[in-house]
Each structure stands twice: as structure tokens, then as C-alpha cells.
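What the coordinates show
Given next are the chains, with one letter for each unit.
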Amino acid sequence: MVTVYSKNNCVQCKMTKRFLDEKNIEFKEINLDEQPEFIQHVKDLGFSAAPVVETETESFSGFQPSKLKNLVG
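No experiment lies behind these values; they were computed from the predicted model shown.

Considering helix α1 (residues 11-22)
A rise of 1.5 Å per residue sets the reference length of α1, with its 12 residues, at 16 Å; its end C-alpha atoms lie 16 Å apart and thus fit the reference within 8%. Where α1 is concerned, the buried positions are Cys13, Thr16, Lys17, Phe19 and Leu20. Take α1 and look down its axis: the buried residues cluster within an arc of 155°, on one side only. More than 90 degrees from the buried face of α1, the exposed residues found are Val11 and Glu22. The inward-facing, buried residues of α1 abut β1 (2-6), β2 (27-31), β3 (52-54) and α3 (65-69). Asn24 occupies a position one or two residues after α1 and carries a positive phi of about 55°.

Here it is, written out as C-alpha cells:
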């Protein structure tokens, strides 16, 4: 399962979600503005900027098409 931690008015977040939608990759979105209880989890992963993409095996921050392509099954 892919989880995307996003924020409102975040261009890279929108680009990441659009990429996943276009590739038909199922993901769960957690909006950090609406669910601030997840901010500490993102910080614990080592990130301070959205979006953060988390899978069972890795996590990364920002819009990174090369890493997102690896999620295509």
C-alpha cells in the first residue's frame, strides 16, 4: 500500500497524486493540514516537507517521477 502525506496548496503534492492516479496506482492520502497527528510520524521518517510517499519498503519526499515509476506493478 502506498501512503501519500500531503498538505493543502502543495504543488508537488498535487503532481504526485496526479501521477499515481494516471498510472492507476492505489494510494491512501493523509492530509497533514487536516490530520496534524501524523506530522510527528512524517518527522520520525526523517522528512520535514510534503509530499512524503511511504510504501512497505521505502519512503521519500517530494515529487520524484523516477521513484514513483518503480511503484507501477
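Focus: the pattern of salt bridges
Summed over the entire model, instances satisfying the criterion amount to 2 salt bridges. Asp33 is the partner of Lys7 in a salt bridge, and the nearest nitrogen-oxygen pair spans 3.6 Å. With Lys7 in the loop between β1 and α1 and Asp33 in the loop between β2 and α2 (39-44), the pair connects residues that are 26 residues apart, well separated along the chain. Classification of Asp33 as partly exposed rests on a relative accessible area of 37%.

Considering the state of the cysteines
Per the counting criterion, the structure on display carries 1 disulfide. One disulfide in the model links Cys10 with Cys13; its S-S distance is 2.2 Å. A torsion of 80° about the S-S bond marks the disulfide between Cys10 and Cys13 as right-handed. The class for Cys10 is buried, based on a relative accessible area of 12%.

Brief notes about the packing of aromatic side chains
Throughout the structure, instances matching the rule amount to 2 aromatic pairs. Ring centres of Phe19 and Phe63 lie 6.4 Å apart, and the angle between their planes is 70°; on these two criteria the pair is classed as edge-to-face. With Phe19 in helix α1 and Phe63 in the loop between β4 (59-61) and α3, the pair connects residues that are 44 residues apart, well separated along the chain. Residue Phe63 is classed as partly exposed on the basis of its relative accessible area, which comes to 24%.

Definitions and limits used
Residues numbered from 1 in each chain as written. Predicted model: local features only at pLDDT ≥ 70, side-chain atom pairs only at ≥ 80, totals over all residues. Heavy atoms only, no water. Helix = DSSP H or I, 4+ residues; strand = E, 2+ residues; numbered from the N terminus. Expected span 1.5 Å × (residues − 1). Buried < 20%, exposed > 50% of the residue type's maximum accessible area, 1.4 Å probe, protein only. Arc of directions from axis to C-beta. Contact = heavy atoms within 4.5 Å. Salt bridge = Lys/Arg side-chain N within 4 Å of Asp/Glu carboxyl O. Disulfide = S-S within 2.5 Å. Phe/Tyr/Trp six-rings, centres within 6.5 Å; stacked < 30°, edge-to-face > 60°.

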